[in-house]
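Architecture and fold: a report
In case you want the letters, here they are:
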Amino acid sequence: MSEGAVLHLKGRVLVGPHDVRDELWVVGGRVTFERPALARDATTVTGWILPGLVDAHCHVGLDAHGPVDAATSEKQALTDRDAGTLLIRDAGSPSDTRWIDDRADLPRIIRAGRHIARTRRYIRNYAHEIEPADLVAYVAQEARRGDGWVKLVGDWIDRSVGDLAACWPPGEVAAAIAEAHRLGARVTAHCFAEETLAPLVEAGIDCIEHATGLTEDTIPLFAERQVAIVPTLVNIATFPDLAAGGEAKFPRWADHMRRLHARRYDTVRAAYDAGVPIYAGTDAGGSLPHGLVADEVAELMKAGLPAEAALSATTWGAREWLGRPGLTEGAPADLVVYEADPRADVRVLAAPRLVVLRGRVVG
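Reading the values: the criteria
Residues numbered from 1 in each chain as written. Predicted model: local features only at pLDDT ≥ 70, side-chain atom pairs only at ≥ 80, totals over all residues. Heavy atoms only, no water. Pairing = 2+ DSSP bridges. Helix = DSSP H or I, 4+ residues; strand = E, 2+ residues; numbered from the N terminus. Axes fitted to C-alpha atoms, helices over the stretch in contact; angles between N-to-C directions. Core = buried A, V, L, I, M, F, W, Y, C linked by side-chain atoms within 4.5 Å. Buried < 20%, exposed > 50% of the residue type's maximum accessible area, 1.4 Å probe, protein only. Contact = heavy atoms within 4.5 Å. Parallel < 35°, antiparallel > 145°, perpendicular 65-115°, else oblique. Nonpolar A, V, L, I, M, F, W, Y, C, P; charged D, E, K, R; others polar. Lys, Arg positive; Asp, Glu negative; His and termini not counted. Salt bridge = Lys/Arg side-chain N within 4 Å of Asp/Glu carboxyl O. Polar contact = N/O pair within 3.5 Å; in protein donor to acceptor, adjacent residues only side chain to side chain. Right-handed = clockwise from strand over helix to strand, strands pointing away.

1. Quick word on the sheet that holds strand 5 (residues 53-58)
Spatially, 5-8-9 is the arrangement adopted by the three strands of the open sheet, whose pairing is parallel. Strands with a single pairing partner mark the edges of an open sheet, and in this sheet they are strand 5 and strand 9 (108-111). Strand-to-strand twist of the sheet, defined as the mean angle between neighbouring strand axes without regard to direction, takes the value 20 degrees. Sheet analysis places strand 5 next to strand 8 (residues 85-90), joined by four bridges and oriented parallel. Bridge pairing in strand 8 links Asp-55 to Ile-88.

2. Details of the nonpolar core
Counting residues in each nonpolar core, the largest one holds 79 residues, and the members touching the most others are Leu-135, Leu-152, Ile-205, Ile-208, Phe-222 and Leu-300. Ignoring sequence-local partners within four residues, the contact set of Leu-135 consists of Ile-116, Ile-130, Leu-152, Trp-168, Glu-172, Val-173 and Ala-176. Of all hydrophobic cores here, the second largest spans 16 residues; its members include Leu-7, Leu-9, Val-26 and Val-356.

3. Notes on the packing of helix 7 (residues 239-246) against helix 8 (residues 251-262)
Contact geometry for helix 7 and helix 8: axes closest at 8 Å, N-to-C directions at 170 degrees. On the basis of the axis angle, helix 7 is roughly antiparallel to helix 8. Side by side, helix 7 and helix 8 meet where Phe-239, Pro-240, Leu-242, Ala-243, Ala-244 and Gly-246 of the first sit next to Pro-251, Trp-253, Ala-254, Met-257, Arg-258, Leu-260 and His-261 of the second. Looking at the contact of helix 7 with helix 8 residue by residue, the classes come out as ten nonpolar, two polar and one charged.

4. Notes on the sheet that holds strand 20 (residues 360-361)
The strand order across the open sheet built from seven strands is 3-2-1-4-18-19-20, with neighbouring strands paired in mixed fashion. Strands with a single pairing partner mark the edges of an open sheet, and in this sheet they are strand 3 (30-32) and strand 20. Bridge count for strand 1 (residues 7-16) against strand 4 (residues 43-51) is seven bridges, and the pairing is parallel. Following the sheet pairing, Gly-11 is matched in strand 4 by Gly-47.

5. A closer look at the side chain of Asp-90
Relative to the assigned elements, Asp-90 resides in strand 8. Arg-111 is the oppositely charged side chain nearest to the buried, salt-bridge-free Asp-90, at an N-O distance of 6.1 Å. A distance of 2.9 Å separates a polar side-chain atom of Asp-90 from the backbone nitrogen of Val-60. The contact partners of Asp-90, leaving out residues within four places of it in the chain, are Cys-58, His-59, Val-60, Ile-109, Ile-110, Arg-111 and Ala-112.

6. A word on the side chain of Lys-151
With respect to the element layout, Lys-151 can be found in strand 12 (residues 149-153). Salt bridges are absent for the buried Lys-151, whose nearest opposite-charge side chain, Glu-209, sits at 5.8 Å. A polar side-chain atom of Lys-151 sits 2.9 Å from the main-chain carbonyl oxygen of Ala-91. The residues touching Lys-151, leaving out its near neighbours within four places in the chain, are His-57, His-59, Ala-91, Ala-112, Arg-114, His-115, Ile-116, Thr-188, Ala-189, His-190 and Glu-209.

7. Topic: the pairing of strand 15 (residues 186-191)
Burial within strand 15 is extensive, with five of its six residues counted as buried. Here strand 15 runs beside strand 16 (residues 207-210); their pairing, made up of four bridges, is parallel. Directly across from His-190, in strand 16, lies its bridge partner Glu-209. With helix 4 (residues 197-202) bridging strand 15 and the parallel strand 16, this β-α-β connection has right-handed handedness.

Put into structure tokens, the structure is as follows:
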């Protein structure tokens with residue numbers, strides 16, 4: 001499809017959960033619902049049309065061992081794109097992937113800079129590993145480098161106690177979050193454990209990744225303050241294997257990880273029922289492959305979210321949360337076409353018929 005070509009999309013255009021239209025046009029790379037003068041020369045495609053999917057927790061430029069080269073980063077981004085993911089919130093990467101912004105054929109990325117972790121309290125080669133006295137300075141640094149987000153490691157295994165434990169004292173983390181907000185950035189944190197959550201929410205954090213430690217005591221706090229969670233259920237599925245690998249050395253931690261895994265669906269459903277904002281993220285790029293967003297949406301439904309809410313977590317709601325447009329008049333044409341109604345069966349998301357990015361057919 002050439003730059004000046006017109007694309008006509010017919011069928012059911014899912015502009016929003018309650019806004020379904022019969023057609024849209026792509027003219028000059030942008031969405032319009034008004035029939036253009038060049039309509040007669042348009043290429044017509046029929047199907048079910050959604051805004052480009054969102055992976056709200058993804059890592060381009062990272063693998064299980066640390067940063068990767070540009071060719072590997074490109075392959076990761078292309079894999080996500082071909083799965084229909086056209087907007088990525090990159091939740092921490094040691095690689096500089098800003099060059100991706102110059103590529104019209106690669107997904108749009110919202111970066112959180114590099115992870116910020118406590119010394120020797122995270123995966124090797126991933127994060128800035130620092131002590132609490134330096135937290136404010138590093139948060140300011142990553143706020144300036146990122147695209148409006150900063151990523152903390154809120155808890156990790158503490159070898160001295162043999163279990164998950166918080167990484168940051170409340171005073172230091174509150175000051176760091178305040179500094180990020182002053183610089184116009186939001187803050188999210190990797191959190192598995194229960195006791196980590198309330199201090200971070202009370203410190204003003206905007207989002208929690210994984211959030212396996214939510215309980216009946218903390219869920220109301222999240223709901224009251226509208227702190228979002230990105231459960232990454234396709235990643236939480238790996239907890240039993242992680243526990244088995246570390247049980248000999250850290251049996252208390254292994255038991256804790258198994259318990260968090262066992263109640264993962266109940267945790268997410270309770271958060272949804274309480275009104276906690278939930279978004280879809282895969283945690284691809286560490287130990288998991290890219291292109292799993294359809295699997296994560298299916299997992300959200302398995303946890304008890306209705307189909308419309310699970311879809312919103314990767315489309316309309318996620319884009320609004322991240323401040324990016326969907327299928328609105330004049331918006332960049334980032335969209336995916338499917339053979340059948342994804343509201344009736346979210347498994348349809350795994351097989352895009354057509355992917356349009358910046359107004360061009362790319363897959």
